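Results of the structural survey
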Amino acid sequence: MEKYFLENRLNINRRRFLSRLSLGIGSVALGSLLIPDLFSGKGDEAEADFIPGIPNFAPKAKRVIYLFQDGAPSQLESFDYKPKLREMMGQELPASVRGNQILTGMTAKQASFPLVGSFYDFKQYGESRAWISDMFPHIGKIADDICIIKSLNTDAINHDPALTFFQTGAQQGNRPSMGSWVSYGLGSENKNLPAFTVLLSKGKGNGQGVYSKLWSNGFLDSIHQGVQFSSGEDPILYLNDPEGLNRHERRKMLDKLAELNDMNYKEFGDPEINTKVQQYEMAYRMQTAVPEIMDVSKESDDIVKMYGPECLIPGTYAANCLLARKLSENGVRFVQLYHQGWDQHSNLPQEMAGQAKDVDQASAALVTDLKQRGLLDETLVIWGGEFGRTNYSQGKLEKANYGRDHHPRCFSIWMAGGGIKPGIVYGETDEFGYNIVKDPVHVHDFHATILNQLGIDHKKLTYKSQGRRYRLTDVAGNVVKGIIA
Amino acid sequence: MKSSHKGFAEGTLFALNIFIVVLLIAGDSLVVPRWLQPVGRMHPLILHFPIVILMLAMVMEFFRYRAEFINEKLYQTFTSYLLLLGALLSSITVIMGLFLSREPGYEGDTLQWHKWFGVSVAFAGYGVYLIRHTSKYTVTLAKAGAVITVFCLIVAGHLGGNLTHGQDFVLGPVMDKSKNAVPIDQALVYNDVIRPIFEVKCQSCHNADKMKGGLMLTDSAAIMKGGKNGKLFIAGDPAMSLLLQRVHLPETEKKHMPPTGKTQLTDDEKMLLYLWVKSKARFGKKVIDLPANDSLRMIAATHLKPAESEEEVYDFSAANEKEIQKLNNNYRVVYPLASESPALAVNIYNKSTYNVKVLEELSSIKKQVVSLDLNKMPVKDADLKTIAKFENLRRLNLNFSDVTGKGLKELAGLKYLKSISLTGVKLNIADVKQLVAIKSLNELAVWNSGLNPADLQSLQKQNPKLSLLTGFKDDGKALKLTSPQLKNTAVIFKQSYALLLSNPIKGADIRYTTDGSVPDSIKAASYKPGIILTRSTAIRTRAFKAGWIGSDTVQFNVYKCAYTPDSISFVKYPDDKYKGDGAKTIIDKELGGDNFGNGKWVASQKDLTVIMWFNKPIDLHSVGLNVMRNTGSQIFLPAGVEVWGGTDQNHLKLLSTLKTGAPKKSDPFALIPLECKLKSEQKISCIKLVAQPLKSVPAWHPAKGKPGWVFLDEVFLN
């Protein structure tokens with residue numbers, strides 16, 4: 001026994017120690033081979049859990065059309081029916097209901113917060129008996145095809161941060177837009193059109209701006225940027241050949257340009273160079289694909305009657321809805337519409353009626369049109385704004401004239417198709433329409449659910465930039481199982 | 001064993017343990033390359049060796065200092081080697097396990113516990129081996145080390161078994177299988193609906209071993225008996241029942257059940273409990289004995305339905321990735337439905353490049369294609385033969401293609417086809433019936449395919465499960481036309497104006513008037529291209545078409561301006577905020593529009609005076625000013641306008657004045673061209689124009705007493 005102990009001590013001499021140490025360092029080195037980012041400082045292109053362009057699991061929806069109602073339409077005059085507010089018309093908002101809600105600068109100094117009920121009546125529609133305001137009779141007709149969510153809530157109380165939050169998952173900006181994430185995650189279905197397109201229209205109501213940062217690719221490859229289609233002669237700026245240049249010459253020019261770019265790429269290795277070449281090529285193909293899509297003259301009379309005659313006037317919401325259907329039908333992954341003019345701080349009954357008239361028929365027609373083409377089950381349609389509006393009047397309350405301030409705690413949107421349960425109403429607010437009492441859906445949850453329908457695990461759709469991985473849902477978000485069919 | 005071998009083994013053991021530390025520190029950023037994955041997957045195989053060897057070594061270590069063994073050379077040497085071997089093997093196993101854990105599908109608490117216990121085994125084994133030769137090593141230490149290592153080994157092994165075979169694998173066969181789905185016609189309300197709720201959510205605290213609150217929820221007698229706070233419920237009166245009171249208390253209340261931290265009841269479960277108590281809390285009732293419209297029955301039915309499997313499973317293998325890449329081109333996109341899925345979707349675009357070859361080339365992946373999109377492609381009936389070869393096709397889009405109903409019989413062999421879209425394809429009902437005979441079909445889109453509604457209705461009746469998408473039907477209600485649009489780009493002209501009106505609706509009749517009256521569809525002039533205007537005109541126009549309601553009337557104003565001054569300058573400057581692009585803003589032939597802040601208007605609260613010069617004298621007989629009225633924004637018509645003229649700046653005469661009436665509260669927003677007519681035509685080279693704002697805003701306006709604003713965007717000289 002003693003001999004063992006002695007041997008053991010003798011064994012640990014300097015040479016032995018050093019040789020052991022070298023073995024240890026060897027192990028560390030071997031291990032480091034398995035940790036790609038350890039010494040590189042730069043993220044590798046391929047994420048372990050996610051291959052760009054391929055969904056994680058079989059998707060319910062292949063495409064999204066997002067009908068964004070910019071400026072925040074009032075939930076209390078659209079989809080969240082609150083008869084109590086009419087009963088209590090003019091009475092003060094109870095402090096217990098308001099709780100610790102911080103108000104905007106526009107009403108924070110208001111001496112009184114008189115509750116105001118909807119100027120418009122509500123009716124129940126469809127087998128789901130969903131309550132929908134009289135301003136939206138066409139949407140009422142498709143009540144059994146849509147899922148109304150009354151319990152959306154957001155972190156932001158002002159337009160720009162709220163809008164940016166909805167579109168990019170963060171309030172500050174500079175992040176990729178949801179459409180860009182989808183383009184990155186799923187890739188393009190049609191190589192002749194951008195995977196992410198943007199259409200703008202404007203109502204007569206009090207409006208808020210939309211900016212190109214909302215469809216920015218952020219840190220993603222610029223091929224995922226949203227492409228705006230405008231209503232004028234040139235739907236996409238600079239797409240047409242200059243006068244006198246024929247298509248053959250354009251082709252020759254692009255080939256030469258590609259050679260030069262290739263030389264440049266070989267020298268510097270900047271991936272943006274390849275992106276640029278791809279974009280030139282796509283633009284070349286878009287020169288034939290886009291005019292065909294923009295041409296609405298071949299649409300049948302039925303289509304005009306469905307969407308309303310305005311759909312033939314470029315730049316209107318109805319025309320954009322029709323265009324959205326055509327783009328989506330042609331494999332555009334994400335079509336983002338914005339309709340401005342929903343910011344009713346005053347004169348709400350009159351302004352909102354005008355806004356509703358702009359969008360009601362065409363929004364409903366879009367859902368019906370997709371359905372009759374057998375496309376609704378693979379296309380997710382979303383309708384909604386960036387937050388809700390207060391249950392009390394901003395400014396003086398008159399019988400037929402009042403306004404509503406911003407309200408982030410609850411608001412209503414609807415979704416249709418894309419594997420979302422049709423004909424249900426999800427979530428509930430209290431009888432004052434101020435707080436959520438059941439099944440809240442946060443903006444992050446909303447994003448997680450959309451990605452889920454597209455076959456993407458929102459936790460796996462990541463991109464590494466400046467030393468950290470980013471997600472559309474940041475570090476939050478739960479898929480709302482209750483609305484999935 | 002030679003001591004050099006032993007030294008080598010010890011060195012390796014050291015190296016392996018360092019390696020484990022590195023892997024643990026790397027944590028989630030560890031990426032196992034594909035070629036190393038098989039090594040990880042051998043973990044479940046290799047682990048059996050350390051279990052046996054290390055355990056035996058530890059048993060021997062435990063008894064090492066026993067009198068009968070302490071001097072047994074063989075026992076001591078053997079233990080030493082066995083321990084070394086055991087420690088080595090457990091380190092290798094741990095490394096493999098760490099590799100394996102990075103593969104998809106391994107997550108959760110069990111894995112984490114398994115990982116740390118496994119790592120503890122390796123470290124404990126090595127630790128014992130390291131210290132067992134030192135003089136401080138004692139009997140107690142030897143026994144403690146052996147016991148800890150074996151404990152870790154057993155726990156790690158057990159958790160590993162759970163990971164591989166699933167929880168309760170060992171006892172599974174002898175355990176109660178009540179979770180198996182019960183067909184609804186046999187299900188009992190209590191046994192199959194209510195009891196499972198108690199089992200999962202309540203019994204962990206309310207069972208025979210652990211009767212919290214004196215309550216047991218394991219059998220009907222105990223449930224009826226209640227707990228120390230009395231009876232659990234009053235049959236038929238859920239509102240007064242303790243069970244439901246506790247369940248419905250806010251979660252923050254101490255008495256809320258289940259306690260916070262435990263899995264809560266879902267809304268459906270709460271509702272089921274409520275309805276069960278309401279229906280007198282019977283134990284023997286069958287679900288189907290309840291009336292069909294009973295809420296309890298309806299909720300119970302959804303509760304009993306087995307969860308449908310979400311993802312479709314395909315029984316074919318994946319296609320070659322290179323082949324898929326090769327088949328992709330600009331107008332044919334082939335993409336996998338999801339990662340790890342063999343199924344492919346194909347979209348075809350561009351009418352002009354489509355022909356049947358585009359489909360024939362896909363023969364190498366004909367098994368894998370489950371979705372085919374040929375929307376608006378000129379697909380012929382003959383092409384359907386090629387499509388029929390995609391034997392696993394689930395979804396086919398032939399909207400607005402050139403196929404006819406007759407060709408569709410080719411598709412009858414597609415036994416997995418679920419959805420087919422034939423919108424815009426001319427069909428007759430017999431063709432459709434052939435398609436519907438495909439058993440798997442559950443969605444059929446036939447809008448705009450010329451089928452008559454009665455046939456479709458009977459088809460739907462015969463196939464209630466089929467989702468037959470017939471789409472929009474014109475309800476015959478007339479819609480209102482959109483108003484005509486003015487297609488001219490300019491509205492100010494010098495000599496003549498070729499009016500261009502249009503309406504996007506094909507065949508709309510555009511009527512118009514120029515006298516201010518509302519146009520109708522009979523008397524008003526019908527618009528034809530080629531109408532020339534020669535003076536400033538207000539055109540009112542409407543569109544009409546049979547079957548439509550006439551559009552709203554719109555008014556377009558076009559303005560004649562025969563002369564443009566050669567130079568212009570302000571005498572009295574406008575307000576700094578509204579100075580436009582200088583004085584030339586009012587002669588730029590561009591109107592300002594509705595928005596007064598867009599820089600196309602000049603405005604002032606004082607007199608706005610401009611002076612204009614002409615190189616050659618002109619014959620002036622009228623001066624027009626286009627001004628804005630926007631009472632809410634304190635913008636009023638100028639109270640007065642003066643026109644001065646002469647041969648040069650120093651010889652000006654007052655040629656004309658204009659006064660506007662007092663503003664009224666009800667004046668609507670408007671853009672108004674004011675016109676000052678000159679008494680006689682004058683030869684003039686210089687004009688001075690003065691627009692005087694309202695001196696004092698009337699008392700009914702919030703800005704009463706202050707001067708009004710004058711907004712001017714254009715001057716017309718004729």
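1. Focus on the overall build of chain A
A count of helices and strands for chain A gives 13 helices and 17 strands. A principal-axis box enclosing the C-alpha atoms of chain A has dimensions of 100 × 75 × 40 Å. Restricting the contact set of chain A to residue pairs at least 6 apart, pairs at least 24 apart contribute 76%.

2. Some points on the sheet that holds strand E4 (residues 395-397) of chain B
Residues and elements named next belong to chain B. Ordered by their spatial adjacency, seven strands build an open sheet running E1-E2-E3-E4-E5-E6-E7, and the pairing between neighbours is mixed. Single-partner strands in this sheet number two, and they are strand E1 (332-336) and strand E7 (467-469). In this sheet, adjacent strand axes meet at a mean angle of 10 degrees when their direction is disregarded. Two elements, strand E6 (residues 443-445) and E7, share three bridges in a ladder whose sense is parallel. The residue of E7 that forms the bridge with Ala445 is Leu469.

3. A word on the domain arrangement of chain A
We note that the domain assignment places domain 1 (2-32) and domain 2 (63-240 + 275-483) within chain A. Of note, the centres of domain 1 of chain A and domain 2 of chain A, computed from C-alpha atoms alone, are 66 Å apart.

4. Side note on the pairing of strand E17 (residues 468-471) of chain A
Bridging between strand E16 (residues 462-465) of chain A and E17(A) involves four bridges; their strand directions are antiparallel. Looking across to E17(A), one finds that Ser465(A) is bridged to Arg468(A).

5. Comments concerning the sheet that holds strand E16 (residues 554-560) of chain B
Residue and element names in this part refer to chain B. Pairing is mixed in the open sheet, where five strands are placed in the order E9-E16-E15-E12-E13. Of all strands in the sheet, those with a lone pairing partner are strand E9 (492-493) and strand E13 (525-526), marking the two edges. The sheet contact formed by E9 and E16 spans two bridges and is parallel. Bridge pairing in E16 links Ile492 to Tyr559.

6. Re the packing of helix H2 (residues 14-32) of chain A against helix H1 (residues 3-26) of chain B
Where H2(A) meets H1(B), the closest approach of the two axes is 8 Å, and the angle between their N-to-C directions is 35 degrees. As for how H2(A) packs across H1(B), the hand of that crossing is right-handed. Between H2(A) and H1(B), the contacting residues are Ser19(A), Arg20(A), Leu23(A), Gly24(A), Gly26(A), Ser27(A), Val28(A), Leu30(A) and Gly31(A) on the first element and Gly11(B), Phe14(B), Ala15(B), Ile18(B), Phe19(B), Val22(B), Leu23(B) and Ala26(B) on the second. By residue class, the composition of the contact of H2(A) with H1(B) is 10 nonpolar, six polar and one charged.

7. A word on unusual backbone geometry
Here Met257(B) and Pro258(B) are connected by a cis peptide whose omega angle stands at -15 degrees. Along the chain, Pro258(B) turns up in the loop between helix H11 (242-248) and helix H12 (267-278). A positive phi is found at Asn347(A), a non-glycine position, where the angle reads about 60 degrees. Relative to the elements of secondary structure, Asn347(A) occurs in the loop between strand E7 (334-340) and helix H12 (348-372). You can call Asn347(A) partly exposed: it has 15 C-beta atoms within 10 Å. Of note in this structure, Asp474(A) is not a glycine but carries a positive phi near 55 degrees. Residue placement: Asp474(A) occurs in the segment after E17.

8. Focus: the interface of chain B and chain A
On the chain A side, the residues contacting the 45 residues of chain B number 47 residues. Those elements that place two or more of their residues in the side of chain B that touches chain A are H1, E1, strand E5 (419-421) and E6 of chain B. Take the side of chain B that touches chain A: its biggest share by element is eight residues, from H1(B).

9. Comments concerning the domain arrangement of chain B
Looking at chain B, the domain boundaries give domain 1 (3-165), domain 2 (189-304), domain 3 (321-469), domain 4 (493-560) and domain 5 (567-717). Taking the mean C-alpha position of each, domain 2 of chain B and domain 4 of chain B sit 75 Å from one another.

10. Some points on helix H13 (residues 443-453) of chain A
All names here are of chain A. With 11 of 11 residues buried, H13 is to be regarded as a mostly interior element. Looking at the buried side of H13, the elements it contacts are strand E1 (63-69), strand E4 (146-153), helix H6 (159-168), helix H7 (178-186), strand E8 (379-384) and strand E15 (441-442). Positive backbone phi, at 85 degrees, marks Gly455, one or two positions downstream of H13.

11. Some remarks on the pairing of strand E11 (residues 411-416) of chain A
The side chains of a regular strand alternate, first on one face of the sheet and then on the other. Residue and element names in this part refer to chain A. Burial runs high along E11: six of the six residues are buried. Side-chain alternation along E11 places Phe411, Ile413 and Met415 on one buried face and Ser412, Trp414 and Ala416 on a second face that is also buried. Two strands pair when backbone bridges link them, and E4 and E11 are joined in this way by five bridges, in the antiparallel orientation. Across the sheet, the residue bridging to Cys147 is Met415, located in E11. With three bridges joining them, E8 and E11 adopt antiparallel strand pairing. Paired with Val381 across the two strands is Ala416, which belongs to E11.

12. As for the nonpolar core
Counting residues in each nonpolar core, the largest one holds 115 residues, and the members touching the most others are Cys147(A), Cys321(A), Val381(A), Trp414(A) and Met415(A). Considering every element that reaches this core, the biggest residue donor is H12(A), with 10 residues. Aside from chain neighbours lying at most four places away, what touches Val381(A) is Ile65(A), Leu67(A), Leu366(A), Val367(A), Leu370(A), Met415(A), Ala416(A) and Gly417(A). In this structure, Leu337(B), Leu372(B), Leu393(B) and Ile420(B) belong to the second largest nonpolar core, which totals 45 residues.

Parameters at a glance
- Residues numbered from 1 in each chain as written.
- Chains lettered and ligands numbered in written order.
- Predicted model: local features only at pLDDT ≥ 70, side-chain atom pairs only at ≥ 80, totals over all residues.
- Helix = DSSP H or I, 4+ residues; strand = E, 2+ residues; numbered from the N terminus.
- Contact = placed C-beta atoms within 7 Å.
- Pairing = 2+ DSSP bridges.
- Axes fitted to C-alpha atoms, helices over the stretch in contact; angles between N-to-C directions.
- Domains from an automatic or database assignment.
- Left-handed = near helix turned anticlockwise from the far one by under 90°.
- Nonpolar A, V, L, I, M, F, W, Y, C, P; charged D, E, K, R; others polar.
- Buried ≥ 20, exposed ≤ 12 C-beta atoms within 10 Å, placed from the backbone.
- Core = buried A, V, L, I, M, F, W, Y, C linked by C-beta atoms within 7 Å.

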